[in-house]
Amino acid sequence: LPNPQRKGASKRKRESSLEEHQPRTKVAKKHYRHSECSADGCTNIAKKGGVCVRHGAKVKIKRCSNEGCTNYSQRGGVCIRHGATVKRCSSEGCSNYAQNG
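Everything quoted here is computed from the prediction, not taken from an experiment. (Residues numbered from 1 in each chain as written. Predicted model: local features only at pLDDT ≥ 70, side-chain atom pairs only at ≥ 80, totals over all residues. Heavy atoms only, no water.)

Engineer: Pulling in residues and values, what's your account of the overall build of the chain?
Structural biologist: Within the chain, the regular secondary structure consists of 0 helices and 0 strands. Considering the chain as a whole, with its 101 residues, one finds that 11% of them fall into the buried category. Considering only contacts within the chain whose residues lie at least 6 apart along the sequence, 0% involve residues at least 24 apart. Total accessible area on the chain stands at roughly 10,400 Å², and carbon and sulfur atoms take up 47% of it. (Helix = DSSP H or I, 4+ residues; strand = E, 2+ residues; numbered from the N terminus. Buried < 20%, exposed > 50% of the residue type's maximum accessible area, 1.4 Å probe, protein only. Contact = heavy atoms within 4.5 Å. Areas by Shrake-Rupley, 256 points an atom, 1.4 Å probe, with all protein chains shown as cover.)

Engineer: So what's going on with the environment of Val59? Residues and values would help.
Structural biologist: For Val59, a relative accessible area of 53% gives the class exposed. Note: C-alpha distance between Val59 and Lys47 (12 residues apart in sequence) is 7.6 Å. Excluding anything up to four places from it in sequence, Val59 contacts Lys47 and Val53.

Engineer: Quick rundown of the state of the cysteines? Include the residues and the values.
Structural biologist: Inspection of every chain in the model, using the stated rule, returns 0 disulfides. Lacking any disulfide linkage, Cys94 is separated from the closest cysteine sulfur, that of Cys89, by 3.6 Å. (Disulfide = S-S within 2.5 Å.)

Function cannot be inferred from these measures alone, as they are strictly geometric.
Written out as structure tokens, the structure reads:
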């Protein structure tokens, strides 16, 4: 049933484009291609320059931009202590940071 709150909600039920006796086919999820490390025998995902971290890719971890702070930046170039807003857990009475979403 269409949601009455949604604008332009159709009042007619959609007719199936497939006949009743034909099974529906599932649409495959899009797979992203990751390049492998170019080192001999290594199957890790390449990070930078065609190699993985183990074989020399330098992945720089961003730090807080405030002077003297060594924490990792979370959002906007600053850490949580210096003003980065991070989502909290939505459960009642919980004050932890949200892990996913």
